[in-house]
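Structural description and commentary
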Amino acid sequence: MDFLISEEQKMIKQAAKDFAELELLPGVIERDENQEFPVEQVKKMGELGFMGMMVDPNFGGSGLDTLSYVLMIEELSKIDASSSVIASVNNSLVCWGIETFGSEAQKEKYLRPLATGQKIGAFCLSEPEAGSDATSQKTMAVDKGDHYILNGTKNWITNGNSASIYLVIAQTYPEKGYKGINALIVEKASPGFEVGPKENKLGIRGSDTHSLIFNDVKVPKENRIGADGFGFKFAMKTLSGGRIGIAAQALGIAEGAYELAKKYAQERKAFGTEIANHQAIRFKLVDMHTQIEAARLLVYKAAKEKDEGKDYVLSSAMAKLYASKVAMDTAVEAVQIFGGNGFVKEYHVERMMRDAKITQIYEGTSEIQKLVISREILKK
């Protein structure tokens, strides 16, 4: 599908590839082992414009399209999925949400530092009893006239401790159901805001995932995004774009694992020849390559539909569903091709296998994507 990529986009892809190889690869195993947030690397991503790629240059962004953003996430994910998800959340959930639905004052105050990487954002929807069910929010934002009083807990929040600007989805009018939900911008320095313990995760261990606790946090009314009760629609519209970013991450993980496996198969010898000469290994590589190319078409198609102003709910869910499966399947096969070495950290593929699994879970599990897809195709 290279015929869809402009010369400028090819340059962006190459810049992201160079950055990943020069800045992310060194120390990636140690950061995973120690659950170390890539502070310096994220700072450099901000300097390169990777933290606000789709944001209007008037607010400090790169002013690029979704496909350019996808190419960047794809290249970072080949090397370090932890770093790519940090950028993905900041770009497609936080920056896009504020730029698309926020007021001019909100854009000026919050979007500019987010787009330039001076600050990092987090998207706070999931709760202990409301993971993928956004209608069942227990976090309450009580209307007090010129402000809200926020109480509740959010779980599994990417950039949970490293962020300083949080988009929080909360219920204001329980009797109205999903029509009573609001989206609020909350600053980390707010009294009553507390970052809970860091999750000890299977994969993407370089990104920080925390629970967040809100105890009588005062949020000014001007920090509400959109009209009163717009929060549920805001969350759903934002998540559709977020799925494209996660699909791109899954695609990148699959490509990274495949490339390592192919190189290893051409070097590793068994039974008197390189294992790439054995039909069993060749067939694995064929399946991996074919599935990756199919996933790429879905991911790029979703990005193009978003850029063209089309309804991309269906395409983004399909891309996320399929690309995440390909990431998991490819990473497992890569470990198999490496054999015993695949079980060893220094060869990277075991980390990629662990990282791949989360792409089937966050931004909605595979089962949730199937619900979205079935709803869309039956509607059409």
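Described in the following lines is the structure provided in the data block.

Each value, and the rule that gives it
The written sequence of each chain sets the order in which its residues are numbered from 1. Given that the model is predicted, a residue must reach a pLDDT of at least 70 before its local features are reported, and side-chain atom pairs must reach 80 or more before they are shown or counted; all residues, however, enter totals for whole chains, interfaces and linings. Think of the side-chain values as coming from all heavy atoms in the structure, minus any hydrogens and water. Secondary structure elements follow DSSP: runs of H or I of four or more residues count as helices, runs of E of two or more count as strands, with numbering from the N terminus. Atoms considered for the radius of gyration are the C-alpha atoms alone. The globule rule reads 2.2 Å times the number of residues to the power 0.38. For the exposure calls, accessible area comes from a 1.4 Å probe over protein chains only, and a residue counts as buried if that area is under 20% of its type's maximum, exposed if over 50%, partly exposed in between. Contacts are assigned to residue pairs that have any heavy atoms within 4.5 Å of one another. All accessible areas in this document rest on Shrake-Rupley with a 1.4 Å probe, and a residue is counted as covered only by the protein chains that are shown. Following DSSP output, two strands are said to pair if at least two bridges run between them. In this scheme, a helix's expected span is set at 1.5 Å multiplied by one less than its residue total. This arc corresponds to the set of directions leading from the helix axis out to the C-beta atoms. Definition used for salt bridges: Asp or Glu carboxyl oxygen within 4 Å of a side-chain nitrogen of Lys or Arg. Every axis in this analysis is a line fitted to C-alpha atoms, fitted for helices over the stretch in contact. Angles between the N-to-C directions lie between 0 and 180 degrees. When residues are sorted by character, Ala, Val, Leu, Ile, Met, Phe, Trp, Tyr, Cys and Pro go into the nonpolar class, Asp, Glu, Lys and Arg into the charged class, and all the rest, Gly among them, into the polar class. Definition used in this section: a nonpolar core is a set of buried Ala, Val, Leu, Ile, Met, Phe, Trp, Tyr and Cys residues joined via side-chain atoms within 4.5 Å. Throughout, the term roughly parallel applies to angles under 35 degrees, roughly antiparallel to angles over 145, roughly perpendicular to angles from 65 to 115, and oblique to all others. The handedness criterion is simple: a crossing whose near helix is rotated anticlockwise from the far helix by less than a right angle is left-handed, and one whose near helix is rotated clockwise is right-handed. Note on ring pairs: Phe, Tyr and Trp rings are taken, using the six-membered ring of Trp, and paired if centres are within 6.5 Å. Classes follow the plane angle, with under 30 degrees stacked, over 60 edge-to-face and the rest tilted.

**Structural notes on the overall build of the protein chain**
Along the protein chain, the regular secondary structure elements total 11 helices and 9 strands. Computed over the C-alpha atoms, the radius of gyration of the protein chain is 21 Å, within 12% of the 21 Å expected from 2.2 N^0.38 for a compact globule of 380 residues. Projected onto its principal axes, the C-alpha coordinates of the protein chain cover approximately 80 × 45 × 40 Å. Taking all 380 residues of the protein chain together, 55% fall into the buried category. The contacts in the protein chain between residues at least 6 apart in sequence include a share of 74% that link residues at least 24 apart. If you sum the accessible surface of the protein chain, you get close to 16000 Å²; carbon and sulfur atoms cover 54% of it.

**What about the pairing of strand β5 (residues 181–187)?**
For β5, a buried count of 6 out of 7 residues is recorded, marking the element as mostly surrounded by other parts of the structure. As paired strands, strand β4 (residues 165–171) and β5 are joined by 7 bridges and run antiparallel to one another. The residue bridging Ile 169 from the neighbouring strand is Ala 183, located in β5.

**Focus on helix α8 (residues 279–307)**
Over its 29 residues, α8 extends 42 Å from the first C-alpha to the last, a length consistent with the 42 Å expected when each residue adds 1.5 Å. Every buried residue of α8 is listed here: Ile 281, Leu 285, Met 288, Ile 292, Ala 295, Arg 296, Val 299, Tyr 300, Ala 302, Ala 303, Glu 305 and Lys 306. Summarising the contacts, the buried residues of α8 are in contact with α1 (7–24), α4 (66–79), α5 (81–101), α7 (231–267) and α9 (313–338). In the segment just after α8, Gly 309 is the residue with positive phi, at about 75°.

**Some points on helix α3 (residues 39–47)**
Along α3, the residues that are buried comprise Gln 41, Val 42, Met 45 and Gly 46. Across the axial projection of α3, the buried residues extend over an arc of 145°, all falling on one side. Residues of α3 that are exposed and angled more than 90 degrees away from the buried face: Val 39 and Glu 47. Packing partners of the buried residues in α3 comprise α1, α2 (28–34), α4 and α5. Gly 49, located one to two residues past α3, shows a positive phi value of around 90°.

**Here's the deal with the pattern of salt bridges**
Applying the stated criterion across every chain yields a total of 30 salt bridges. Taking the shortest distance from any N to any O, the salt bridge between Glu 7 and Lys 10 comes out at 3.6 Å. Taken as a pair, Glu 7 and Lys 10 lie in helix α1 at a separation of 3 residues, close to a single helical turn. Classification of Lys 10 as partly exposed rests on a relative accessible area of 39%. Of the charged contacts in the structure, one is a salt bridge between Glu 75 and Lys 13, with a shortest N-O distance of 2.7 Å. Pair noted here: Glu 75 is in helix α4 and Lys 13 is in helix α1, with a separation of 62 residues, a long-range link.

**Examining the packing of α4 against α8**
Put simply, α4 and α8 touch, their axes get as near as 8 Å, and they point 145° apart. Packed against α4, whose contacting residues are Thr 66, Leu 67, Val 70, Leu 71 and Glu 74, the element α8 presents Arg 296, Val 299, Tyr 300, Ala 303, Lys 304, Lys 306 and Asp 307 at the interface. A breakdown of the residues in the contact of α4 with α8 according to their chemical character gives 6 nonpolar, 1 polar and 5 charged.

**Comments concerning the nonpolar core**
In this structure, Met 72, Ile 98, Leu 150, Val 299 and Ile 337 are the most contacted members of the largest nonpolar core, which totals 110 residues. With near-sequence residues (within four places) excluded, Leu 150 lies in contact with Thr 139, Met 140, Ala 141, Val 168, Ala 170, Leu 184, Val 186, Phe 214, Asn 215, Asp 216, Val 217 and Val 219.

**Side note on the packing of α7 against α8**
Packing of α7 against α8 leaves a shortest axis separation of 9 Å and a crossing angle of 155°. Judged by the inter-axis angle, α7 sits roughly antiparallel to α8. The crossing of α7 and α8 is left-handed. Listed contacts from α8 to Gly 241, Ile 244, Ala 247, Ala 248, Leu 251, Ala 254, Glu 255, Tyr 258, Ala 261, Lys 262 and Ala 265 of α7 are Ile 281, Leu 285, Met 288, His 289, Ile 292, Ala 295, Arg 296, Val 299, Tyr 300, Ala 302, Ala 303 and Lys 306. Per-class residue counts for the contact of α7 with α8 are 17 nonpolar, 2 polar and 4 charged.

**Brief notes about the side chain of Ser 88**
If you trace the backbone, Ser 88 turns up in helix α5. Not counting residues up to four positions away in its chain, the partners in contact with Ser 88 are Tyr 69, Ile 73, Leu 93, Gly 245 and Ile 246.

**Some words on the packing of aromatic side chains**
On inspection of all chains with the given rule, the structure shows 12 aromatic pairs. For the pair Phe 101 and Phe 230, a centre-to-centre distance of 5.2 Å together with 55° between the ring planes defines the contact as tilted. Of this pair, Phe 101 sits in helix α5 while Phe 230 sits in the loop between β7 (209–220) and α7, and the two are 129 residues apart along the sequence. With a relative accessible area of 22%, Phe 101 lands in the partly exposed category. Among the residues examined, Phe 230 registers a relative accessible area of 18% and is labelled buried. Geometrically, the ring pair formed by Tyr 166 and Phe 193 is tilted, given 4.9 Å between the ring centres and 45° between the ring planes. Here Phe 193 lies in strand β6 (residues 193–198) and Tyr 166 lies in strand β4, a separation of 27 residues in the sequence.

**Details of the pairing of strand β2 (residues 140–143)**
Bridge count between β2 and strand β3 (residues 147–158): 4 bridges; the pairing is antiparallel. Looking at the pairing, Val 142 lines up with Ile 149 of β3. The loop that links β2 with its antiparallel partner β3 comprises 3 residues; one of these, Gly 145, has a positive phi angle of about 95°.

**Comments concerning the environment of Lys 144**
Note that Lys 144 resides in the loop between β2 and β3. Along the backbone, Lys 144 and Pro 220 are 76 residues apart, and their C-alpha atoms lie at a distance of 9.6 Å.

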